[in-house]
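# Working through the structure, step by step
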Amino acid sequence: MDVKKRKATVPWMFMMFFLVLSANLPLCSSAATQQPDNKKSSHSNKSLLFPVTGNVYPLGYYSISLIIGNPPKVFEFDIDTGSDLTWVQCDAPCTGCTKTNDRLYKPEKHILVSCDHPSCGVVHFPDSPRCEKPDDQCDFEVDYVDHGSVFGVVVSDVFSLRLMNGSLIRLHLIFGCAYDIKNPGPYVPPGTGVLGLSNGKASLVSQLQSFDLTRNVLGHCLSGKGGGFLFLGDNLVPSGVSWMPMLANSQNYLSSPAEVLFDGKPTGIKDLKVVFDSGSSYTYFDFQVYKAVLDLVRRGLTGKPLDTVEDKALPICWKGTKPFKSVHDVKNHFSTLTLIFPDTPKVQLELQPEAYLIVTEDGNACFGILNGTEVGLGDFNIIGDISLIDKMVVYDNEQRRIGWISADCDRLPYSNSDSNYNEDFQQPYAANFGIVE
């Protein structure tokens, strides 16, 4: 994650107050008043399960709800494996926030993290925070490749989380209180924050591991019909997952170099840098790869009853003899794209037409692979939500590997909780900033 060092202050009402914490992150307390230490606790190797709402189109977002503060309040988060720090829209007051004031997070004076606290170092890792004075507040800035950005202050507050065994825990976690949000795009993003799930030290799953509550493993299952689930910990990792190593020294989920097949045949497209990013609605290839793949798709449509058409949803679209109702109406006209990884020759990521097409409200079929060079991705290629639907995708940060398997993402996995697992959650509406620059 690229966290900038620009100096700023929270508005005057919070300038004088800073959070004083011990060298370790605060201990948690459960419904049974248990307090695990940093060794081995009774909560170790447990998992958390969250229902997901949203879709690729028309919303373009997959999100969960989390409960923060005391008294507790529900906030919505875009699940983003492409960024590190979790942040919420914050009334300090806020510039660029899209929520109404009554739905913004309102920081208390005692929760600010000071610049010399180890938690501030975690947020700025591998760099060090620049402090004029040790008790300055810990600021953060995140720039995204879509040229959006957020700026704010690092805070620590109580998260109420339910483990799959039914235990409710209340845990102090660090996150960003974002009070300056810039969105350069033509559409105003929905009122939400971002749930940072990369393999950086400030990510939510890394923090949970530091309490010995879960393994540093997470996974998501995004349904093509909308919804799905997210889990933190390794209890729900199924057998039969196709695993491949992550490349080292990257805070993003970067695979080994990939090659592209079209309709099962080699294309000559090789050595792709591929990042798995649940914060991106669509898949992005760099210009040369994008152009080559689009040419292959267009040639494959020769003689098919499809004509190009303009549609406001995406740049490349086709219409049929009558409007399409779903991708299933048009998928037989398109061929499968496959990513193979020569370093792990048994592993393939098949992108069937459902994994790169949407059908718009006008009944057109549109190409859900976009030109990454136009949005500043350079030579990186992003596998976004459209290409991850109906797969369980697992990010194992302990064994440094990524895996996936076809799955029924419409069904929430079984929970051992005696209560209704969903009762602690409300329906979210997420924002999507995508991968960190």
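Calculation rules
Residues numbered from 1 in each chain as written. Predicted model: local features only at pLDDT ≥ 70, side-chain atom pairs only at ≥ 80, totals over all residues. Heavy atoms only, no water. UniProt positions renumbered as here; feature names shortened; annotations may be inferred. Helix = DSSP H or I, 4+ residues; strand = E, 2+ residues; numbered from the N terminus. Buried < 20%, exposed > 50% of the residue type's maximum accessible area, 1.4 Å probe, protein only. Contact = heavy atoms within 4.5 Å. Areas by Shrake-Rupley, 256 points an atom, 1.4 Å probe, with all protein chains shown as cover. Salt bridge = Lys/Arg side-chain N within 4 Å of Asp/Glu carboxyl O. Pairing = 2+ DSSP bridges. Core = buried A, V, L, I, M, F, W, Y, C linked by side-chain atoms within 4.5 Å. Axes fitted to C-alpha atoms, helices over the stretch in contact; angles between N-to-C directions. Phe/Tyr/Trp six-rings, centres within 6.5 Å; stacked < 30°, edge-to-face > 60°. Lys NZ or Arg CZ within 6 Å of the ring centre and 35° of its normal.

As annotated in an unreviewed UniProt entry, the chain carries the name Peptidase A1 domain-containing protein and comes from Hibiscus sabdariffa. Under Sequence similarities (unreviewed entry), UniProt gives the following word-for-word description of the chain: "Belongs to the peptidase A1 family."

## What to know about the overall build of the chain
Each helix and strand in the chain was counted, giving 3 helices and 26 strands. The buried share of the chain, reckoned over its 437 residues, is 57%. Taking contacts inside the chain between residues at least 6 apart in sequence as the whole, the part at least 24 apart equals 71%. Put simply, the chain shows about 18700 Å² of open surface, and 50% of that area lies on carbon and sulfur atoms.

## Points about the pattern of salt bridges
Applying the stated criterion across every chain, the model contains 13 salt bridges. D234 is the salt-bridge partner of R215, the closest N and O atoms lying 3.8 Å from each other. Separated by 19 residues along the polypeptide, R215 in the loop between α2 (204-210) and β10 (217-222) and D234 in the loop between β11 (228-232) and β12 (242-245) bring together distant segments of the chain. Its salt-bridge partner being K331, residue E354 comes within 3.1 Å of it at the nearest N-O pair.

## Notes on the sheet that holds strand β13 (residues 259-262)
Pairing between the strands of a sheet is mediated by backbone hydrogen bonds and can be parallel or antiparallel. Read across the open sheet, the 4 strands follow the order β14-β13-β19-β20; overall the sheet is antiparallel. Each edge of the sheet is formed by a strand with only one pairing partner; in this case those strands are β14 (265-266) and β20 (348-351). In this sheet, strand β19 (residues 337-340) lies alongside β13 in antiparallel orientation, the contact comprising 4 bridges. Paired with V260 across the two strands is L339, which belongs to β19.

## Details of the nonpolar core
Core analysis: the biggest nonpolar cluster contains 98 residues, and Y105, F276 and F367 have the highest contact counts within it. Y105 has contacts with I68, F75, V88, Q89, C90, D91, I111, V155, D157, F175 and C177, leaving out every residue within four places of it along the chain.

## Here we look at the sheet that holds strand β21 (residues 357-359)
Spatially, the 4 strands line up as an open sheet ordered β17-β18-β22-β21, and their pairing is antiparallel. In this open sheet, the two strands that pair with only one neighbour each are β17 (307-309) and β21. Neighbour-to-neighbour, the strand axes of this sheet turn through a mean angle of 35°, independent of strand direction. Where β21 and strand β22 (residues 365-367) come together, 3 bridges link them in antiparallel fashion. Directly across from I358, in β22, lies its bridge partner C366.

## Considerations on the packing of aromatic side chains
Under the definition given, this model contains 12 aromatic pairs. When the centroid spacing of 5.3 Å and the interplanar angle of 85° are considered together, the rings of F159 and F175 count as edge-to-face. With F159 in strand β7 (residues 149-162) and F175 in strand β8 (residues 168-182), this residue pair connects regions lying 16 residues apart in the sequence. Each of the two residues, F159 as well as F175, counts as buried. An angle of 75° between the planes, with centres 6.4 Å apart, marks the rings of F334 and Y356 as edge-to-face. A residue pair is termed long-range when its members are at least 10 positions apart, and F334 in the loop between β18 (317-319) and β19 and Y356 in the loop between β20 and β21 qualify at 22 residues. Taken together, the aromatic side chains of Y290, W318, F334, Y356 and F367 make up a single cluster linked through ring pairs. Seen from the ring of F380, K273 lies directly overhead, with NZ or CZ sitting 5.3 Å from the centre. Here the guanidinium or amino end of R401 rests over the ring plane of W243, the centre of that ring lying 3.8 Å away.

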